[in-house]
Structures are given as structure tokens and as C-alpha cells.
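One letter stands for each residue in the lines below.
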Amino acid sequence: KVFRVIQCGRIQPRKGVHYLIRAFTELSLPNSELWFVGDELEYSALRPFIERHRAANIRFLGPVPQAELPAIYSQGSVSVLASLADGFGMVVPQAMACGLPVIVSANVGAAEIVQDGSEGYVVPIRDVESLKQKLLLFYEDRARLDRMGAAAHAKARTLLGWDAYGERLVGYLRSRDRRHAAVTATRHSMMWRRMSGVSVRRERCPQGRRGGLRSRD
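Residues numbered from 1 in each chain as written. Predicted model: local features only at pLDDT ≥ 70, side-chain atom pairs only at ≥ 80, totals over all residues. Heavy atoms only, no water.

Caption draft 1: Quick peek at the pattern of salt bridges. Going through the model one piece at a time under the given rule, you end up with 11 salt bridges. The salt bridge involving Arg-22 is made with Glu-26; its shortest N-O contact spans 3.6 Å. Pair noted here: Arg-22 and Glu-26 are both in helix H1 (residues 17-27), with a separation of 4 residues, about one helical turn. (Salt bridge = Lys/Arg side-chain N within 4 Å of Asp/Glu carboxyl O. Helix = DSSP H or I, 4+ residues; strand = E, 2+ residues; numbered from the N terminus.)

Caption draft 2: Local environment of the sheet that holds strand E3 (residues 58-62). The 6 strands lie next to each other as E3-E2-E1-E4-E5-E6, forming an open sheet whose pairing is parallel. Single-partner strands in this sheet number two, and they are E3 and strand E6 (120-123). The average angle at which neighbouring strand axes cross in this sheet is 20°, direction not considered. The pairing of strand E4 (residues 78-81) with strand E5 (residues 102-105) spans 3 bridges and is parallel. Following the sheet pairing, Ser-79 is matched in E5 by Val-102. With respect to the sheet, H1 is in contact with strand E1 (3-8), strand E2 (32-37), E3 and E4, its orientation differing from that of E2 by roughly 170°. Lying over the sheet, helix H5 (residues 128-140) contacts E1, E4, E5 and E6, oriented at roughly 170° with respect to E6. (Pairing = 2+ DSSP bridges. Axes fitted to C-alpha atoms, helices over the stretch in contact; angles between N-to-C directions. Contact = heavy atoms within 4.5 Å.)

Caption draft 3: Fine view of the packing of aromatic side chains. Applying the stated rule across the entire model yields 3 aromatic pairs. Here the aromatic rings of Phe-3 and Tyr-139 are separated by 5.4 Å at their centres, their planes lie at 85°, and the arrangement is edge-to-face. Note that Phe-3 is positioned in strand E1 and Tyr-139 in helix H5, a separation of 136 residues in sequence. An identical accessibility class is assigned to Phe-3 and Tyr-139; each is buried. Measuring from ring centre to ring centre gives 5.5 Å for Tyr-121 and Phe-138, while their planes differ by 50°; the resulting arrangement is tilted. Residue Tyr-121 is located in strand E6, and its partner Phe-138 is located in helix H5; the two are separated by 17 residues in the primary sequence. In this structure, Tyr-121 and Phe-138 share a single accessibility class: buried. A cation over a ring is seen here: Lys-134 above Tyr-121, with NZ or CZ 4.5 Å from the ring centre. Its end group placed over the ring of Tyr-139, Arg-142 keeps NZ or CZ at 5.4 Å from the ring centre. (Phe/Tyr/Trp six-rings, centres within 6.5 Å; stacked < 30°, edge-to-face > 60°. Buried < 20%, exposed > 50% of the residue type's maximum accessible area, 1.4 Å probe, protein only. Lys NZ or Arg CZ within 6 Å of the ring centre and 35° of its normal.)

Okay, here's the thing in C-alpha cells:
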């Protein structure tokens, strides 16, 4: 049986595509394939890199409608999302629901639903060696692959139904909005102070007092 690695997402550096390609190419596993599902290949900054690493067992399938993704996942062995930065990453629970173990980077929001060593693995960003190690574990140990795939499917059914997924997603968006609001408020405050002719200066104050505002004169 072909050992098939699948990553769904746009073909761009932020998705860590080049790190996954390097890991897969350096492993050079017999009877293996790497599939990318997603758009933007034509305009991707990674096109020169991809052309240099073109191989018969690395395929770019282009964009696929959501309704057709289960058919893609059903042909896979493991799903990877090696993003340098990402939101929740809905493709992760989708792959788990289709019975695939997952390898995700720590900067993917959905990493929080993956118990490392149970439904898959969480790896550091930009870490080709970690990607190689985890892929090789699955390739060499099909019992591990099947066991983690079953665990991923079970979690998707019991803990990642649409209600639970919605709650997690709402929680993530709210926390992001709070961070965004705090940053925006700080920026507006600094802008107002500059417009008012004052600047913030930190200075040492006796008895733990903090420096206040000083005019620019």
C-alpha cells in the first residue's frame, strides 16, 4: 500500500510547504507520495523551489471543493499541516474525522486538539528533522499509523462534533479579538499622545511608582 502524505492549504510559504517538501524529499521513502491540495501554486513565491524539487511522487491537486475532501483524505495515510502561522486550521479535524493521524506545527490553532503521541504529533515550526522523524515513525510502523488514525477518528466523533468545534472556534476567535482590541487601543492611545504633544518616558520612581507623561518641551 502506498504511504501517502496529504497537506491541505494554499501553496505559500506561510503554510510551511517548503519544509514539508524538504522533509519528504530527504526521506526518499519507497512507495510513498506527497499530495498538496490547495490553490495559488501559479502565483506562489515557492514556484522556483517547487520546480527544483519536482518529482513524480509529489503531486499538486489544486483546489478541491469541501464536499470532495473526504474522498481525498480516504486515500491518505497521514495528514500534515506544517504552517508557520495559522488560524484554527479546520483541515485538521476534517482529516481526523476521516481516520487520518495528523502532524501539525505548534503554531496551528488546532494543535490544541491533538494530544501528542495519541492522535498524531505536534512539531516545532521550520523543523525539517522533526517532520522527517514523525513521518518515518508512521512509515515504518503501520500499527502505530492505524492506532493513531483510529484515535483521531474517535476524538473527531466524540469531542469534535460541530457543537464542540463551534465552541472551540468561537473561543479562539474571541481570544484573538481581545488581543487585537488591546493592540488597537494601545496604538490609538500612543497616537493620541503624539498628537497632543506628549510622549511616554519610563523612568525610575521611588517606592515602585511608574513614570508618567512628560511634555516634549
